[in-house]
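# Structural description and commentary
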Amino acid sequence: MNEPALRVATHNDRRAAAMLDDVRLATPRALVIIPALNEARSLPGVLAAVREVVPEYDVCVVDDGSTDRTAEVAARLGATVLRNPINLGIGGAVQTGYLWARERGYDAAIQIDGDGQHDPRFIRAAVAPILDGRANVIVGSRFGGNGYRSTPLRRAGITYLSWFLKVRCGSSVSDPTSGFRAADRRAIAVFAQMYPSDYPEPEAIALAQRHGLKVAEIPVEMRERSHGSSSITWWRTFYYLVKVSLALLILPVPRTTADEDGSP
Amino acid sequence: MSSEEILHPHLRAFATTVLLAFVLWVVYLVRYHRLSLRDSLLWLLSTITALAITVFPSTLEVFTSAIGIVAPVNALFALTFLYVLLNLLATTIAVSANATRVRRLAQECALLRAEIEELRHRLPRQPGDAP
């Protein structure tokens, strides 16, 4: 006797559930990717700052074979931990994050360094153009913001790389070495499929450009590193420039999605 | 020029022995599963070519006149370089391909591990679990 009423209720429930699903699907899901190598001391600060700025975003820390308690700290602070069983270098670590983003179907992925030099306050500004569909990739450039102190050599190198990228593939990014990035679904798919290995930042821009993605930039401020030292010392800057120039000169061809390999 | 003038008979005998031993070694490695047939193909092909040239040095003259080398011995040096370079490049290609595969596998491990952690957290705590 009650059955018809019950059925109606169920039907309504289902409709409500479907509407809820619609709402959930309409709300974009974003993932913050934090590559970290022996950053157990910096991570708590970085994760707290990210949580404060974008509490609704998921956070994953890619532990690229750390020998300290990086993974433990990240897990305790509620981040998803992706542990590379062997050290893959920054390119491989970042790609692990993009693979996770692709697998979990995130609408946007934001990449910030685990050493605390990227200010999470700029995450929303970086994601906005991604979700509006104004760009596929956003690079956080430090020259737009406050005066970023750097050695003259490094600044000259960055200017040169920016020029080279413009000549080679027409991108206009003033700070191509910045590891502060945001990517939309298409860019996530491209980066999950192939990502350069060492010193990957400028090459990744070229890669995105080659796949017909729109790369834009926003100004960000960067802080002094809170712990540890930069992976690029002054004498390595030269090697960096030669390697990246060569990579940009040769520039691997875009691959069809049928291929399933990792790096170019 | 006769074969004798290009390569001294003793040298020919020695080179033939060495190359033959090399071919047999490669075959042995394949037979005992220490070298895959696919990777051995280039070695076998290039070594057998070298063997053919050593046994019939007159083939060198065709090559020599074709690209304008005066002394056939120089052509032999050039071919030796080519032989080493070719095999070295093939090896590097294989190493690169392996590096890519290892990277992808390591990443897959990372993803699976995260997946397992997530599932484990959803389960009620079992006795004997790590705290």
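The following paragraphs examine the structure supplied in this document.

### As for the overall build of chain A
The helix and strand inventory of chain A stands at 9 helices and 7 strands. In chain A, which comprises 264 residues, the share counted as buried stands at 48%. Counting contacts in chain A only where the partners sit at least 6 residues apart, residues at least 24 apart contribute 77% of the total. Carbon and sulfur atoms form 57% of the exposed surface of chain A, whose accessible area is close to 13,000 Å².

### Focus: the packing of helix H6 (residues 152-169) of chain A against helix H9 (residues 234-250) of chain A
Residues and elements named next belong to chain A. The geometry of H6 relative to H9 is characterised by a closest axis approach of 11 Å and an angle of 0 degrees between their N-to-C directions. Judged on the interaxial angle alone, H9 and H6 are roughly parallel. Here Leu153, Arg154, Gly157, Tyr160, Leu161, Phe164, Leu165 and Arg168 of H6 lie close against H9, whose contacting residues are Trp234, Thr237, Tyr240, Leu241, Val244, Ser245, Leu248, Leu249 and Ile250. Split into classes, the residues belonging to the contact of H6 with H9 amount to 12 nonpolar, 3 polar and 2 charged.

### Things to note about the nonpolar core
All names here are of chain A. Formed by 44 residues in total, the largest nonpolar core has its most connected members in Leu82, Tyr98, Val137, Phe191 and Leu248. When residues of this core are assigned to their parent elements, the largest contribution, 6 residues, is made by helix H4 (residues 89-103). Ignoring any residue separated from it by four or fewer positions in sequence, one finds Tyr98 in contact with Ile33, Ala109, Gln111, Arg181, Ala183, Ile188, Phe191, Ala192 and Tyr195. By size, the runner-up hydrophobic cluster in this structure holds 33 residues, among which are Val59, Ala71, Ile138 and Ile218.

### Considering the pairing of strand S1 (residues 30-36) of chain A
Residues and elements named next belong to chain A. Burial of S1 is extensive: 7 of the 7 residues sit out of reach of the surface. Where S1 meets strand S4 (residues 108-111), 4 bridges bridge the pair, whose relative direction is parallel. Across the sheet, the residue bridging to Val32 is Ile110, located in S4. Read as a crossover between parallel neighbours, the route from S1 over helix H2 (residues 43-53) to strand S2 (residues 58-63) is right-handed.

### What to know about helix H8 (residues 201-210) of chain A
Residues and elements named next belong to chain A. Among the 10 residues that make up H8, 8 are buried, leaving the element largely enclosed by the rest of the structure. Among all positions of H8, only Glu201, Pro202, Glu203, Ala204, Ile205, Ala206, Leu207 and Ala208 are buried. Just downstream of H8 lies Gly212, where phi reads positive at about 75 degrees.

### What to know about the sheet that holds S2(A)
Residue and element names in this part refer to chain A. Judged by pairing direction, the sheet is mixed, and its 7 strands sit side by side in the order S3-S2-S1-S4-S6-S5-S7 without closing on themselves. Each edge of the sheet is formed by a strand with only one pairing partner; in this case those strands are strand S3 (80-83) and strand S7 (215-219). Along the sheet, successive strands turn relative to each other by an average axial angle of 20 degrees, direction set aside. Strand direction decides the pairing type here: strand S5 (residues 137-141) and S7, joined by 5 bridges, are parallel. When the sheet's bridge partners are listed, Ile138 is paired in S7 with Ala216.

### Quick notes on the side chain of Asp184(A)
Residue and element names in this part refer to chain A. By the element assignment, Asp184 lies in strand S6 (residues 181-184). Of the side chains with opposite charge, Arg186 comes closest to the buried, unpaired Asp184, at an N-O distance of 6.0 Å. Within the local environment of Asp184, its side chain forms a polar contact with the side chain of Asn136, the two groups lying 2.7 Å apart. There is a polar contact of 2.9 Å between the side chain of Asp184 and the backbone nitrogen of Ala187. With sequence-adjacent residues up to four places away left out, Asp184 is seen in contact with Asp107, Ile130, Ala135 and Asn136.

### What to know about helix H2 (residues 9-31) of chain B
Residue and element names in this part refer to chain B. Given a rise of 1.5 Å per residue, 23 residues ought to cover 33 Å, and the 33 Å separating the end C-alpha atoms of H2 matches this to within 8%. Taken together, the buried positions of H2 are occupied by Leu19, Val23, Val26, Leu29 and Val30. Packed against the buried residues of H2 are helix H3 (37-55). With its phi angle positive at about 60 degrees, His33 sits one or two positions after the end of H2.

### Regarding the interface of chain B and chain A
At the interface, 13 residues of chain B touch 24 residues of chain A. Summed over both partners, the interface of chain B with chain A comes to about 1,500 Å²; 56% of that surface belongs to carbon and sulfur atoms. Applying the counting criterion to the chain B and chain A interface returns 2 salt bridges. For Arg104(A), the salt bridge identified is with Glu115(B), shortest N-O distance 2.5 Å. Our enumeration of links across chain B and chain A arrives at 6 residue pairs in polar contact (both at pLDDT 80 or more). Residue classes in the side of chain B that touches chain A are distributed as 6 nonpolar, 2 polar and 5 charged.

### Description of the pattern of salt bridges
Evaluated as defined, the whole model comprises 15 salt bridges over all chains. The partner of Glu72(A) in a salt bridge is Arg69(A), and the shortest N-O contact between them spans 3.4 Å. Between Glu117(B) and Arg120(B) there is a salt bridge, with the nearest N and O atoms lying 3.8 Å from each other. Residue Glu117(B) and its partner Arg120(B) are both found in helix H5 (residues 72-122); the two are separated by 3 residues, about one turn of the helix.

### A few points about the packing of helix H4 (residues 58-67) of chain B against H5(B)
Each pair of packed helices gets described by two things: the angle between the helix axes and the distance between those axes. Residue and element names in this part refer to chain B. The N-to-C vectors of H4 and H5 enclose an angle of 90 degrees; their axes lie 9 Å apart at closest approach. Taken together, the axes of H4 and H5 are roughly perpendicular relative to one another. Here H4 contributes Leu60, Phe63 and Thr64 to the contact with H5, which in turn contributes Pro72, Ala75, Leu76 and Leu79. Of the residues assigned to the contact of H4 with H5, the class counts are 6 nonpolar, 1 polar and no charged.

Quick notes on the rules
- Residues numbered from 1 in each chain as written.
- Chains lettered and ligands numbered in written order.
- Predicted model: local features only at pLDDT ≥ 70, side-chain atom pairs only at ≥ 80, totals over all residues.
- Heavy atoms only, no water.
- Helix = DSSP H or I, 4+ residues; strand = E, 2+ residues; numbered from the N terminus.
- Buried < 20%, exposed > 50% of the residue type's maximum accessible area, 1.4 Å probe, protein only.
- Contact = heavy atoms within 4.5 Å.
- Areas by Shrake-Rupley, 256 points an atom, 1.4 Å probe, with all protein chains shown as cover.
- Axes fitted to C-alpha atoms, helices over the stretch in contact; angles between N-to-C directions.
- Parallel < 35°, antiparallel > 145°, perpendicular 65-115°, else oblique.
- Nonpolar A, V, L, I, M, F, W, Y, C, P; charged D, E, K, R; others polar.
- Core = buried A, V, L, I, M, F, W, Y, C linked by side-chain atoms within 4.5 Å.
- Pairing = 2+ DSSP bridges.
- Right-handed = clockwise from strand over helix to strand, strands pointing away.
- Lys, Arg positive; Asp, Glu negative; His and termini not counted.
- Salt bridge = Lys/Arg side-chain N within 4 Å of Asp/Glu carboxyl O.
- Polar contact = N/O pair within 3.5 Å; in protein donor to acceptor, adjacent residues only side chain to side chain.
- Expected span 1.5 Å × (residues − 1).
- Buried area = accessible area lost by both parts, 1.4 Å probe.

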